[in-house]
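Per-entry structural report
For reference, the chains in residue letters:
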Amino acid sequence: MLTEIVTDEQLIDLYTTPGYLVAVDYPKKEVKLHTIDCMLADPISSVGVKPSKARENKTGEFWVSESRDEANSKAEEIAKNKGYTYTICPICNR
Ligand SMILES: [Zn+2]
């Protein structure tokens with residue numbers, strides 16, 4: 001099931017759950033696919049995504065799914081609709 005993530009806490013709570021994060025960055029016009037345990041998908045990490053802030057500033061959106069196929073489809077759909085670049089994170093890609 002695809003779930004929209006709107007707060008950092010929501011994502012932090014999912015950290016130990018296997019799954020995938022679709023991170024959409026509006027200013028960068030970029031969609032990125034991460035595993036949930038990627039450091040770049042961790043709001044606690046200084047380099048990690050910050051869903052609460054992105055929501056507040058309208059600079060991005062985030063989706064989580066336990067299915068890589070589902071996350072991938074969502075990422076491709078957003079990238080296509082918005083004309084954004086879609087990349088699979090090189091750090092956590094596996
Ligand atoms: Zn990653």
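Refer to the structure presented above.
Before going into details, it helps to say that this report is about the structure given with it. (Residues numbered from 1 in each chain as written. Predicted model: local features only at pLDDT ≥ 70, side-chain atom pairs only at ≥ 80, totals over all residues. Heavy atoms only, no water.)

A few words now on the packing of aromatic side chains. Evaluation of the coordinates by the stated rule reveals zero aromatic pairs. The positively charged end of Lys74 is found above the aromatic ring belonging to Trp63, 4.3 Å away from the centroid. (Phe/Tyr/Trp six-rings, centres within 6.5 Å; stacked < 30°, edge-to-face > 60°. Lys NZ or Arg CZ within 6 Å of the ring centre and 35° of its normal.)

Bringing the side chain of Asp8 into the picture now. Position of Asp8 relative to the elements: it lies in helix α1 (residues 8-13). For Asp8, which is buried and forms no salt bridge, the nearest opposite charge comes from Lys50, at a distance of 6.2 Å. If sequence neighbours within four positions are ignored, Asp8 has contacts with Pro43, Lys50, Pro51 and Ser52. (Helix = DSSP H or I, 4+ residues; strand = E, 2+ residues; numbered from the N terminus. Buried < 20%, exposed > 50% of the residue type's maximum accessible area, 1.4 Å probe, protein only. Lys, Arg positive; Asp, Glu negative; His and termini not counted. Salt bridge = Lys/Arg side-chain N within 4 Å of Asp/Glu carboxyl O. Contact = heavy atoms within 4.5 Å.)

Moving on, we come to the coordination of the zinc ion. Here the zinc ion is held by the protein donor atoms His34 (ND1), Cys38 (SG), Cys89 (SG) and Cys92 (SG), which lie 2.2 to 2.4 Å from it. Bound by four donor atoms, the zinc ion shows angles of 96 to 121 degrees at the metal and therefore tetrahedral coordination geometry. Along the chain, the residues that donate to the zinc ion are spaced as H-x3-C-x50-C-x2-C. One end of the pair, His34, is in strand β3 (residues 30-35); the other, Cys89, is in the segment after β5 (85-88), and 55 residues separate them in sequence. (Donors = N, O, S within 2.8 Å, 3.2 Å for Na, K, Ca; no water. Tetrahedral: all angles 85-135°; square planar, octahedral: opposite > 155°, others 65-115°.)

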